[in-house]
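Fold and contact review
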Amino acid sequence: EKARESLLQAIALDSTYADALNKMCELLLKQEVYDEALQYFRKAVALDNSHADAYTNLAHLARKAGKYQLAMEQYSRAIASNPSQPDALYYRGFLHSLNGNYSLALADINKSLEVKPGDGLRYGTLAKIYAQLRKKSDMLTYLKLALDNGYPAFELQKDPAFLPYQKEEEFQALMRTRDS
């Protein structure tokens, strides 16, 4: 609540301050106040059409609302504004994977890891993609990296992408080392 008040004060002082508008968007997005967040996102982007974080946040909002095409467009705009925007790269890659565009997904997610290395979620998503592609060796490599970087084993164990591998000793051994 204090953060919201501070941001509202900053916006009241200068309603053309795109960063404050974007931070308010982020706060509202975390609080799941999507309609209000959308208003601030639109203002931030209108003030600064090269604001990569605002495009990324607008894309997050669209993705959470199930508007994947709009999300894809906004992630692409964020990347056009800042080619090293790790969240836009990751989530655009994630959406590519949902559409079965695995080569595009791998390219985006790997690039996001160049910018933000050591992220368990990104490694976990790569492991899922390789599982879906039936590339066991790559899947195990990224599965280990995901676990080593904090991705919860129980999340991976319940993911349907790994069903074909769950009875295999290598998969079970990786999971056992994380359960203990």
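Above: the structure in question.
Bear in mind that the values here come from a model prediction, so they are computed numbers and not experimental data.

Rules and cut-offs
- Residues numbered from 1 in each chain as written.
- Predicted model: local features only at pLDDT ≥ 70, side-chain atom pairs only at ≥ 80, totals over all residues.
- Heavy atoms only, no water.
- Helix = DSSP H or I, 4+ residues; strand = E, 2+ residues; numbered from the N terminus.
- Buried < 20%, exposed > 50% of the residue type's maximum accessible area, 1.4 Å probe, protein only.
- Contact = heavy atoms within 4.5 Å.
- Phe/Tyr/Trp six-rings, centres within 6.5 Å; stacked < 30°, edge-to-face > 60°.
- Axes fitted to C-alpha atoms, helices over the stretch in contact; angles between N-to-C directions.
- Parallel < 35°, antiparallel > 145°, perpendicular 65-115°, else oblique.
- Left-handed = near helix turned anticlockwise from the far one by under 90°.
- Core = buried A, V, L, I, M, F, W, Y, C linked by side-chain atoms within 4.5 Å.
- Expected span 1.5 Å × (residues − 1).
- Polar contact = N/O pair within 3.5 Å; in protein donor to acceptor, adjacent residues only side chain to side chain.
- Salt bridge = Lys/Arg side-chain N within 4 Å of Asp/Glu carboxyl O.

Glancing now at the overall build of the chain. In terms of helices and strands, the chain carries 11 helices and zero strands. Mapped in sequence order, the helices and strands of the chain form the string α-α-α-α-α-α-α-α-α-α-α. When each of the 180 residues of the chain is scored for burial, the buried share is 44%. In the chain, of all internal contacts separated by at least 6 residues, the share reaching a separation of at least 24 is 46%.

Here we come to the packing of aromatic side chains. What describes a pair of aromatic rings is the distance from one ring centre to the other and the angle between the planes of the rings. As enumerated under the stated definition, the model contains six aromatic pairs in all. Seen from their ring centres, tyrosine 90 and tyrosine 91 are 4.7 Å apart, and the 80° between their planes marks the pair as edge-to-face. We classify tyrosine 90 as buried; its relative accessible area is 3%. Relative to phenylalanine 171, the ring of phenylalanine 162 lies with its centre 5.8 Å away and its plane at 35°, an arrangement referred to as tilted. The residues phenylalanine 162 and phenylalanine 171 share a single accessibility class, namely buried.

You can see threonine 125 is positioned in helix H8 (residues 120-132). Assessed through its relative accessible area of 4%, threonine 125 is described here as buried.

The next subject is the packing of helix H6 (residues 86-98) against helix H7 (residues 102-115). Packing of H6 against H7 leaves a shortest axis separation of 7 Å and a crossing angle of 160°. Relative to H7, the element H6 lies roughly antiparallel. The two elements H6 and H7 cross, and the hand of that crossing is left-handed. Only Tyr102, Leu104, Ala105, Asp108, Ile109, Lys111, Ser112 and Val115 of H7 make contact with H6, whose side of the interface consists of Pro86, Leu89, Tyr90, Arg92, Gly93, Phe94, His96 and Ser97.

Let's shift gears to the nonpolar core. Judged by nonpolar contacts, the single largest core of 53 residues is most densely connected at Met139, Leu143, Leu156 and Phe162. If you tally residues by element for this core, the top one is helix H4 (residues 52-64), at seven residues. In contact with leucine 156, other than residues within four places in its own chain, are Gly124, Leu143, Ala146, Leu147, Tyr151, Phe162, Gln166 and Met175.

Turning our attention to the environment of histidine 60. Within the element layout of this structure, histidine 60 appears in helix H4. Spatially, the C-alpha atom of histidine 60 lies 9.8 Å from that of leucine 70, the residues being 10 residues apart in sequence. Residue contacts for histidine 60: discarding those within four places in its chain leaves Leu29, Tyr75, Asp87 and Tyr91.

Further remarks concern H7. Helix length check: H7 (14 residues) gives 20 Å between terminal C-alpha atoms against 20 Å at 1.5 Å per residue, within 8%. Taken residue by residue, H7 has Ala105, Leu106, Asp108, Ile109, Ser112 and Leu113 as its buried positions. Buried residues in H7 make contact with H6 and H8.

We now examine the side chain of glutamine 85. Structurally, glutamine 85 is set in the loop between helix H5 (68-81) and H6. Within the structure, glutamine 85 has its side chain in polar contact with the side chain of aspartate 53 (distance 2.9 Å).

What the rule picks out here adds up to 10 salt bridges. With its nearest N and O atoms 3.7 Å apart, the salt bridge here joins lysine 116 to aspartate 119. On the basis of relative accessible area, lysine 116 is assigned to the partly exposed category, the value being 34%. For aspartate 119, a relative accessible area of 15% corresponds to the buried category.

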